[in-house]
Every structure is written in C-alpha cells, then in structure tokens.
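# Architecture at a glance
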Amino acid sequence: MSNKQLELEDNTQDNLLQNFQNYRKMCTVITTNGVHLKGIIEGFDRYDIIIISTAGRKSLLSKKAISTIFTEE
C-alpha cells in the first residue's frame, strides 16, 4: 500500500470517528476477539479509541483490536 492510500484511509477513519464523537452517536464496536461494546466515542487518537459504555464505564481500545464499528442509525 502506498503512503497516499494510507493517508486516505486514516483520514476516512478519522472523519468517521470525529462524526461519531461530535454527534454523540450510540455505536457498537466489535473487537477482533468478538466482544461487542455499545457506547459513545469520547475520544480517539492515531492508535486508540475511548468509548463510554451504556453502563457508564470508560474503555480504552487499541485500534488494532477493533474489527468493526457501526451505528444503529
């Protein structure tokens, strides 16, 4: 993969996460080992995502451990 493709993928991912964070959309995160987490994205950086679950618990997830993120909307 070229550097340009990597930059485009990072930008697309960041835009999606920024949208989820700004509009406080409820989303489901599925990890690579099959765990489902429902919550709101509180923040993210290049390597990690912080999600607040519906029970109010904060979780720090490595982006490498995430398989899928989607919203119910």
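Going by the structure above, here's the rest.
An account of the accompanying structure is given in this report.

Calculation rules
Residues numbered from 1 in each chain as written. Predicted model: local features only at pLDDT ≥ 70, side-chain atom pairs only at ≥ 80, totals over all residues. Heavy atoms only, no water. Helix = DSSP H or I, 4+ residues; strand = E, 2+ residues; numbered from the N terminus. Buried < 20%, exposed > 50% of the residue type's maximum accessible area, 1.4 Å probe, protein only. Contact = heavy atoms within 4.5 Å. Areas by Shrake-Rupley, 256 points an atom, 1.4 Å probe, with all protein chains shown as cover. Pairing = 2+ DSSP bridges. Axes fitted to C-alpha atoms, helices over the stretch in contact; angles between N-to-C directions. Salt bridge = Lys/Arg side-chain N within 4 Å of Asp/Glu carboxyl O.

## So, the overall build of the protein chain
Regarding its fold elements, the protein chain presents one helix and five strands. Starting at the N terminus, the α and β elements of the protein chain follow one another as α-β-β-β-β-β. Across the 73 residues of the protein chain, 23% fall into the buried class. Sequence-distant contacts in the protein chain: of pairs separated by 6 or more residues, those separated by 24 or more amount to 36%. Only carbon and sulfur atoms are counted for the fraction: they give 50% of the accessible area of the protein chain, which is about 5,300 Å².

## Observations regarding the sheet that holds strand β4 (residues 58–62)
Pairing is antiparallel across the open sheet formed by five strands, whose spatial order is β4-β3-β2-β1-β5. Looking at the sheet topology across the chains shown, the edges are occupied by β4 and β5 (66–71). This sheet shows a mean twist of 45 degrees between the axes of neighbouring strands, independent of strand direction.

## Thoughts on the pairing of strand β2 (residues 36–44)
Note: strand β1 (residues 26–31) against β2, five bridges, orientation antiparallel. Considered in β2, the bridge of T28 is made with K38. Alignment of β2 against strand β3 (residues 48–53), held across five bridges, turns out to be antiparallel. Residue I41 lies in a different strand from β3, and its bridge partner there is I51. Linking β2 back to β3 in an antiparallel pair, the connection comprises three residues.

## Remarks on the pattern of salt bridges
In the structure shown here, the tally under the stated rule is two salt bridges. Its salt-bridge partner being D14, residue K63 comes within 3.7 Å of it at the nearest N-O pair. In this pair, K63 sits in the loop between β4 and β5 while D14 sits in helix α1 (residues 3–22), placing the two residues 49 residues apart along the sequence. Looking at D14, the relative accessible area reads 31%, which means it is partly exposed. The shortest N-O distance in the salt bridge between E42 and K58 comes to 3.2 Å. Of this pair, E42 sits in strand β2 while K58 sits in strand β4, placing them 16 residues apart in sequence. Given the relative accessible area of 32%, E42 is considered partly exposed.

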